[in-house]
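Inside the fold
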Amino acid sequence: MEKKDEFGHDPAIRGMRRVFAQMETAQRDLLTDAGLSPFDPRLRRWREAARPLFEQGWSKAIRQGLQLTEEEAGMLYGVSLKRLMERDGVPFSKPGAFGQEDPRLERILELVP
């Protein structure tokens, strides 16, 4: 028996799925830029640390009246993840990517403790 995706019609669920897709794209782009494998053992630690940073940043943005698009939310995750990867010494071929295109994202994360 095939189960029907009842949540797939909910606009909030669909929006979050698009945010998750943007987050996955940001991660893939960062790994490609850094020349890292998606199986790098450090990735789990970075992702676990990036998630709360991203969530705090997104919450702060909302409290300040900044409405992020789904793409911007995914980019905010990318900025969070990249920050942690750089802290561990990961070099990137495009140092300005993820954040410098939209300085608001860096400012949002600067506000996160």
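Up top is the structure these notes are about.
Description of helix α4 (residues 103-110)
Restricting attention to buried positions, one finds in α4 the residues L105, I108 and L109. Along the long axis of α4, the arc covered by the buried residues comes to 90°, so they all point the same way. Against the buried residues of α4 lie α2 (42-63) and α3 (70-87).

Some words on the layout of surface pockets
Reported here for the largest pocket is a volume of approximately 160 Å³. Among the elements of the structure, α1 (11-34) and α2 are those that each provide at least two residues to the lining of the largest pocket. The greatest single-element share of the lining of the largest pocket, amounting to four residues, is contributed by α1. By residue class, the composition of the lining of the largest pocket is three nonpolar, one polar and four charged.

Focus on the environment of M85
Positionally, M85 belongs in helix α3. As a C-alpha pair, M85 and W46 span 39 residues in sequence and 6.7 Å in three-dimensional space.

Here we look at the environment of L105
Within the secondary structure, L105 sits in helix α4. L105 sits in the buried class, given a relative accessible area of 1%. Between the alpha carbons of L105 and V79 there is a distance of 7.4 Å; along the sequence they are 26 residues apart.

Thoughts on the packing of aromatic side chains
On inspection of all chains with the given rule, the structure shows two aromatic pairs. Between the aromatic rings of F54 and W58, the centroid separation amounts to 5.4 Å while the plane-to-plane angle is 40°, which identifies the pairing as tilted. Residue F54 and its partner W58 are located together in helix α2, separated by four residues, close to a single helical turn. Plain terms: the ring middles of F54 and Y77 are 5.8 Å apart, the flat faces sit at 90° to each other, and that makes the pair edge-to-face. Here F54, found in helix α2, pairs with Y77, found in helix α3; they are 23 residues apart in sequence, far enough to count as distant. Of the two residues examined, F54 and Y77, each falls in the buried class. Connected via pairs of aromatic rings, a cluster forms that spans F54, W58 and Y77. Across from the ring centre of F92, 5.1 Å away, lies the NZ or CZ of K82, which sits over that ring.

A short note on the pattern of salt bridges
Within the structure shown, the criterion is met by seven salt bridges. A salt bridge links K82 to E86, with the shortest nitrogen-to-oxygen separation between them at 3.9 Å. With K82 and E86 both in helix α3, this residue pair falls four residues apart, about one helical turn. Residue K82 is classed as buried on the basis of its relative accessible area, which comes to 4%. Classification of E86 by relative accessible area gives partly exposed; the value is 40%.

Brief notes about α1
End to end, α1 covers 35 Å across 24 residues, agreeing with the expected 34 Å (1.5 Å per residue, within 8%). Residues G15, V19, M23, A26, Q27, L30, L31, D33 and A34 constitute the buried set of α1. The elements touched by buried residues of α1 are α2 and α3. Put simply, D10 is the residue that caps the front of α1, since its side-chain oxygen is 2.9 Å from the backbone nitrogen of A12. One or two positions beyond α1, positive phi appears at G35, with a value near 70°.

Rules and cut-offs
Every chain begins its residue count from 1, and numbering advances along the sequence as written. Reporting of local features is limited, given that this is a predicted model, to residues whose pLDDT is at least 70; pairs of side-chain atoms are given and counted only at 80 or more, and all residues count toward the totals for whole chains, interfaces and linings. Calculation of side-chain values draws on the structure's entire complement of heavy atoms; hydrogens and water are dropped beforehand. Here's how the labels work: a residue is buried when its accessible area is under 20% of the maximum for its type, exposed when over 50%, partly exposed in between, all with a 1.4 Å probe on protein chains only. Numbering of helices and strands runs from the N terminus, with a helix taken as a DSSP run of H or I at least four residues long and a strand as a DSSP run of E at least two residues long. When we speak of the arc, we mean the arc of directions from the helix axis to the C-beta atoms. Throughout, a contact is declared for two residues whenever any of their heavy atoms are within 4.5 Å. Using protein atoms alone on a 1 Å grid, points that fit a 1.4 Å probe yet trap it form a cavity, whereas open point sets bounded by protein on both sides within 12 Å along at least five of seven lines form a pocket; residues with an atom within 4 Å of a point count as lining. Grid points are joined across faces, edges and corners, and a volume is the space filled by probe spheres set on the points. The residue classification treats Ala, Val, Leu, Ile, Met, Phe, Trp, Tyr, Cys and Pro as nonpolar and Asp, Glu, Lys and Arg as charged. All others, Gly included, are polar. Working definition: a ring pair exists when centres of Phe, Tyr or Trp rings (six-membered ring for Trp) sit within 6.5 Å. Plane angles under 30 degrees give stacked, over 60 give edge-to-face, the rest tilted. To sit over a ring, a charge needs its Lys NZ or Arg CZ within 6 Å of the ring centre and within 35 degrees of the ring normal. Whenever Lys or Arg places a side-chain nitrogen within 4 Å of a carboxyl oxygen from Asp or Glu, that contact is recorded as a salt bridge. A helix is expected to span 1.5 Å for every residue after the first. Polar contact is defined as a pair of N or O atoms within 3.5 Å, subject to the rule that within protein one atom must be able to donate a hydrogen and the other to accept it, and that residues adjacent in sequence are counted only when both atoms are side-chain atoms.

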